[in-house]
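Coordinate inspection notes
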Amino acid sequence: MTVEQLSHADKGFLEQMEDASRRYASRTGERGGRMAALEQQGILYADTPERVSSRLNRLGVDWAMATAIERTPAAATTGTSLDLDRELVGTDLLMLERFMGRNDLIGIDYLEGGFLAARSIGRITVRSPGSSHHGTGFLVSPSLLMTNNHVLGSAEEAAAGVIEFNFQAGLDGQPLVPVVFALDPHRFFVTHRDLDFTVVAVSDRSQDGQPLTAFGRLPLKEAQGKAVIGELVNIIQHPNGEPKQLALRDNQIVDVLEDFVHYSADTARGSSGAPVFNDQWEVVALHHAGAPRRDHDGNVLAVDGTRWHPSMGEHRVDWMANEGVRVSRILGTIQQFPLSGTAAALRAELFASGSSLHPVEVSPPTVPAFLTGRTNGAAPRNVTVDGSGGHHATTGSVSWSVPLRISVSLDENTGTGTGTGTDGLQPRAASPAVVTAPAGIGRIDGQSPAERDLAAAMVNLAAFSDRPYYDEASDLAARDAYYAGIHVGNPTSLRLALAEHLESTHQRRPAYKPMRLLYPWVDLHPDEKLHGIYSGKGFTPEELMEADAAVEAARIGRWQEFMLHESAPGPEAVEAELDRLEASLPFNCEHVVPQSWFAKKEPMRGDLHHLFACESTCNSFRGNIPYFDFPDFDEAVRHDCGRRDPGRFEPSEGKGPVARATLYFLLRYPGRIGDEARELQRAGLEMLLNWHRDHPVEVYEQHRNAAIAEMQGNRNPLIDHPEWAEEIDFAGAWT
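Reference entry: report on the structure contained in this document. (Residues numbered from 1 in each chain as written. Predicted model: local features only at pLDDT ≥ 70, side-chain atom pairs only at ≥ 80, totals over all residues. Heavy atoms only, no water.)

1. Notes on the pattern of salt bridges
The final tally for this structure, using the stated rule, is 38 salt bridges. In this structure, the salt-bridge partner of Asp259 is Arg329, at a minimum N-O distance of 3.7 Å. Here Asp259, found in the loop between β9 (245-256) and β10 (260-264), pairs with Arg329, found in helix α8 (residues 327-336); they are 70 residues apart in sequence, far enough to count as distant. The salt bridge involving Arg660 is made with Glu701; its shortest N-O contact spans 2.6 Å. (Salt bridge = Lys/Arg side-chain N within 4 Å of Asp/Glu carboxyl O. Helix = DSSP H or I, 4+ residues; strand = E, 2+ residues; numbered from the N terminus.)

As structure tokens, then:
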């Protein structure tokens, strides 16, 4: 068969295959390094730190939990590998263990999620005079489906196409009756050759009158963190136009490019236009082609070792790797198309569907009764009947209550007086209360976000409870290994070497979650309590964890009020409201380098080296004021937290730890602070060095440093080598 004899679809597929082959070949070195890291260190280290952290955040787990699991034997189990009370073992922990390859089992809701996802996937058929071709497509909004450009390359081609749902076998093995819908490119048609996608409207009624809404949709989400290198993915498809089939956890992601993702398998392959899912049944990519094996002459090989030709079908290609187009890149491109009228409205509907809380949206009439009523994100919820009698899943219109077993006692007084103050917890754990949470914030496994964070924090507390507080011998060995290549002698060279080392070893970059990461282990003192960094007052970890959970729930309640009064707030209004919420409802955690100095950006915001437990009254009392050393500090009347004058603050306690944390920040993030008068200036360096010298390192900071090194990868040189404070040219860290 000559090129001239090939159909448009075959020509397009061959072009995409050649492009994918070139991309795959060009990434051989990078891919080899990533796969070596996966084999030697595990899935937490195969991808970039930013992507792995985003993935953990999206899974609702954290680096503290991952660190605890890493310390257990690597053998796979059929349950959690942690020695915990069974009441503490929830789906989040089991999901993380499965993600890390420590748990062979998968929750039963996984099958339910796959069943629901499959409903929205159909076979596309395009018939033209003298030829026809097939592909896979899937609904991405109430009106639109997605497939490949090489399946539907033009509006004219789409107008000749249909999509068939239920083209599959039933439970009895007999074929179901397909439900056929015409495509409607006159209402919406967007296609892109390079990213190989097409989005087209579908008729709202099938040829026999059934509603399109009965088949739900697979919302496309722009958010990062849907999958990382090393994860297994699923593909639901109509290979070569055959009945619907599933490649279940048989493809492993081996590389992530800017626009594409590569995944490989020994057996199961993808087919054109099929959705690629993670284990939560979120669409990660649009499958479109791959890199085939070739003979010595460069000819593409078939699975039986013979020379492949297009008439065999893409399912007969002997693929080395599959390639999918990243959903986030597709959405970004769709957003750039100049549309108006109905097409613009349908695009807005597409993006609104993507804001759904759940990876799959299906209406109840299409789901057996035994699958309804679930609240774990795999099954649909909040379903209404529209005026026409059609059923659809609502988006952004739910309201619910958070039954936190703690009271919310909000004190608008931020404690700026000069009296002795109280314990400062805001709010304080006590009796049961109910906090209303906003529309659009869903529950997973029956838990609100605040409850989920609190439950995870309790797991982390239990997981670390049987560990020695500080293993000096192990930590000294880790310290010596960490600084093996660092040489002292030249102050500027030492600063630059440490800055580079601290950044390159900051491999894991957790997001800001003090309830989960700081309170259960990192900031514990030898008496197994948390102490306010500025007041020295002691609290149990549970006290601060429960108090922060109440703050989180209260923030959600305030956010609901804001959204009720602001129908369509712009980005600036949203950011301003979030700032107000954080200021009026602070966590019991202090950034010794205030967040406003670095615009609340990560990884600075979540960097544990400068986070400390701090009752909210002291947190608010200091605000974002630079440290200062008052000559008459001991004689002046002051707050429990310290002394504050306009633009100056000196803490009552913690001067050594906060000085070393600030000096670490100067090394790790040079040039980030000091560019405004309200921030720490170069003149304050002598004060920090004095506090460092006058308040030596104790076992509390050594414990912190070792714990943070486990979670983040990097260490604080001023704790490990206090004598280096006089050897480093810190002045060069300012802009």
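2. Observations regarding the pairing of strand β1 (residues 121-128)
Each regular strand carries side chains that alternate between the two faces of the sheet. Summarising burial for β1: six of the eight residues are buried, a large majority. Where β1 lies against strand β2 (residues 131-139), eight bridges are found, and the strand directions are antiparallel. Paired with Val126 across the bridge in β2 is His133. The turn linking β1 back onto β2 is made up of two residues, and Gly130 within it adopts a positive phi angle of 85 degrees. Here four bridges tie β1 to strand β4 (residues 161-165), and the two strands are oriented antiparallel to one another. Residue pairing for β4: Ile124 is matched across the bridge by Ile163. (Buried < 20%, exposed > 50% of the residue type's maximum accessible area, 1.4 Å probe, protein only. Pairing = 2+ DSSP bridges.)

3. What to know about the packing of aromatic side chains
The final tally for this structure, using the stated rule, is 20 aromatic pairs. Look at Phe13 and Trp319: their rings are 6.1 Å apart centre to centre, the planes differ by 90 degrees, and that puts the pair in the edge-to-face class. Of this pair, Phe13 sits in helix α1 (residues 8-26) while Trp319 is found in strand β13 (residues 319-326), placing the two residues 306 residues apart along the sequence. Of the two residues, Phe13 and Trp319, neither departs from the other in class, the shared state being buried. (Phe/Tyr/Trp six-rings, centres within 6.5 Å; stacked < 30°, edge-to-face > 60°.)

4. As for the environment of Glu503
Mapping Glu503 onto the fold places it in helix α12 (residues 491-504). Residue classification places Glu503 among the partly exposed residues on the basis of a relative accessible area of 43%. Along the backbone, Glu503 and Tyr669 are 166 residues apart, and their C-alpha atoms lie at a distance of 8.4 Å. Setting aside residues no more than four positions away along its own chain, Glu503 makes contact with Arg509 and Arg668. (Contact = heavy atoms within 4.5 Å.)

5. Some remarks on the state of the cysteines
Counting across every chain of the model gives one disulfide. Two residues share a disulfide in this structure: Cys618 and Cys641, whose sulfurs sit 1.9 Å from each other. Residues Cys618 and Cys641 share a disulfide whose torsion about the S-S bond is about -80 degrees; that sign makes it left-handed. Remark: Cys641 occurs in the loop between α16 (616-622) and β22 (642-645) and Cys618 occurs in helix α16; sequence separation between them is 23 residues. Taking relative accessible area as the criterion, Cys618 reaches 1% and is therefore assigned buried. Cys641 sits in the buried class, given a relative accessible area of 1%. (Disulfide = S-S within 2.5 Å.)

6. Topic: unusual backbone geometry
Geometrically, the link from Glu602 to Pro603 is a cis peptide bond, its omega value of 5 degrees lying close to zero. Its location among the elements puts Pro603 in the loop between β20 (589-591) and β21 (611-613). Within the chain, Asn166 stands out as a residue other than glycine whose phi angle is a positive 65 degrees. Summarising the element assignment, Asn166 is placed in the loop between β4 and β5 (179-182). Looking at Asn166, the relative accessible area reads 13%, which means it is buried. In this structure, Asp196 takes a positive phi of about 55 degrees despite not being glycine.

7. Things to note about the environment of His288
In this structure, His288 sits in strand β12 (residues 283-292). With relative accessibility at 0%, the residue His288 sits in the buried group. A C-alpha to C-alpha distance of 8.5 Å links His288 and His150, two positions 138 residues apart in sequence. Those residues in contact with His288, other than ones at most four positions away along the chain, are Phe13, Gln16, Arg23, Asn148, His150, Asp196, Phe260, Ser272, Glu323, Gly324 and Val325. Looking at His288, its side chain comes within polar contact range of the side chain of Gln16, at 3.4 Å. Reaching out from His288, the side chain makes a polar contact with the side chain of Glu323 at a distance of 2.6 Å. (Polar contact = N/O pair within 3.5 Å; in protein donor to acceptor, adjacent residues only side chain to side chain.)

8. Side note on the sheet that holds strand β6 (residues 189-192)
On the basis of which strands lie adjacent, the open sheet formed by seven strands has the order β5-β4-β1-β2-β3-β7-β6 and antiparallel pairing. The outermost strands of the open sheet, each flanked by one partner alone, are β5 and β6. Adjacent strand axes in the sheet meet at a mean angle of 30 degrees, parallel and antiparallel pairs treated alike. (Axes fitted to C-alpha atoms, helices over the stretch in contact; angles between N-to-C directions.)

9. What about the nonpolar core?
Residues Leu44, Leu96, Phe99, Ile253, Tyr519, Leu608 and Met711 are the most contacted members of the largest nonpolar core, which totals 66 residues. If you tally residues by element for this core, the top one is helix α10 (residues 449-464), at seven residues. Setting aside residues no more than four positions away along its own chain, Leu608 makes contact with Pro510, Leu517, Leu518, Val522, Arg704, Ile708, Met711 and Gln712. Core analysis: the second largest hydrophobic core is formed by 45 residues, Cys618, Val658, Leu666 and Ala733 among them. (Core = buried A, V, L, I, M, F, W, Y, C linked by side-chain atoms within 4.5 Å.)

10. Overview of the side chain of Ser21
Along the polypeptide, Ser21 turns up in helix α1. On the basis of relative accessibility, which here comes to 15%, the residue Ser21 falls in the buried class. When residues no more than four places from it in sequence are discounted, the contact partners of Ser21 are Gly290, Ala291, Pro292 and Arg294.

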